[in-house]
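The lines below spell out each chain.
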Amino acid sequence: MTITISKAEFLNSVGTEYGPGDWFKVDQERINQFASATDDYQFIHVDPEAAKDTPFGTTIAHGFLSLSLLAALVPKIQPKPDNVKMGINYGIDKLRFLQPVKVDSEIRAKSKILSINEKRPGQYLTKSEVTVEIKGEAKPALIIEWLGMTILDE
């Protein structure tokens, strides 16, 4: 479900916090699929028996898997202007992996709009601080300053 707001609400949303969203389970099948897609088969991700002997006691999601799930989690909480033509992933200013996501953990995202700058007419660079929380854990999985270019149909 896409949440929409007016252009004026979008432009005045600096400082606004969104979420947290719904919990999302990260299971072993998803971790294995990510390993297959990236050729990253490190045992800590894909070998439950070997992972038992690590400080985590189980397999953990790849940090980049947790990061990539933002593409699904953030649009469910952070609204788009009702006249958006498209959004483009513009990059990352800062990223910290703070806590591993253990297999079968549930995660959710929350975001805060840090800045919105018009780069060209109808093209707005948005910086959002996104935090991925882990159910039952005090520390988040990651915190990112994520950049997005929102192009409006004006």
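These numbers were taken from a predicted model, which means no experiment stands behind them.

**Q** Help me get a handle on the overall build of the protein chain, residues and values and all.
**A** Looking only at helices and strands, the protein chain has six helices and eight strands in total. Secondary structure elements of the protein chain, listed N to C terminal, follow the sequence β-α-β-β-α-α-α-α-α-β-β-β-β-β. Dimensions of the protein chain, computed from the C-alpha atoms along their principal axes, are close to 55 × 30 × 25 Å. Across the protein chain, the fraction of contacts at a sequence separation of at least 24, relative to all contacts at a separation of at least 6, is 71%. Of the roughly 8700 Å² of accessible surface on the protein chain, 48% is carried by carbon and sulfur atoms.

**Q** Break down the environment of Pro48 for me, citing the residues and quoting the values.
**A** Along the chain, Pro48 falls in helix H4 (residues 48–51). Under the relative-accessibility criterion, Pro48 is labelled partly exposed at 42%. For the pair Pro48 and Thr59, spaced 11 residues apart in the sequence, the C-alpha separation amounts to 5.5 Å. Contact partners of Pro48, with chain neighbours within four places excluded, come to Gln28 and Thr59.

**Q** Which residues make up the pattern of salt bridges, and what values do they have?
**A** If you walk through the whole model with that rule in mind, you get seven salt bridges. Glu49 is paired through a salt bridge with Lys52; the nearest N and O atoms lie 3.0 Å apart. Residue classification places Glu49 among the exposed positions, given a relative accessible area of 53%. For Lys52, a relative accessible area of 48% puts it in the partly exposed group. Between Arg108 and Glu133 there is a salt bridge, with its nearest N and O atoms 2.6 Å apart. Taken together, the positions of Arg108 in strand S6 (residues 105–120) and Glu133 in strand S7 (residues 123–134) put the pair 25 residues apart, joining distant regions of the chain. A network of salt bridges, in which partner residues are shared, links Asp93, Lys127 and Glu145.

Conventions and cut-offs
- Residues numbered from 1 in each chain as written.
- Predicted model: local features only at pLDDT ≥ 70, side-chain atom pairs only at ≥ 80, totals over all residues.
- Heavy atoms only, no water.
- Helix = DSSP H or I, 4+ residues; strand = E, 2+ residues; numbered from the N terminus.
- Contact = heavy atoms within 4.5 Å.
- Areas by Shrake-Rupley, 256 points an atom, 1.4 Å probe, with all protein chains shown as cover.
- Buried < 20%, exposed > 50% of the residue type's maximum accessible area, 1.4 Å probe, protein only.
- Salt bridge = Lys/Arg side-chain N within 4 Å of Asp/Glu carboxyl O.

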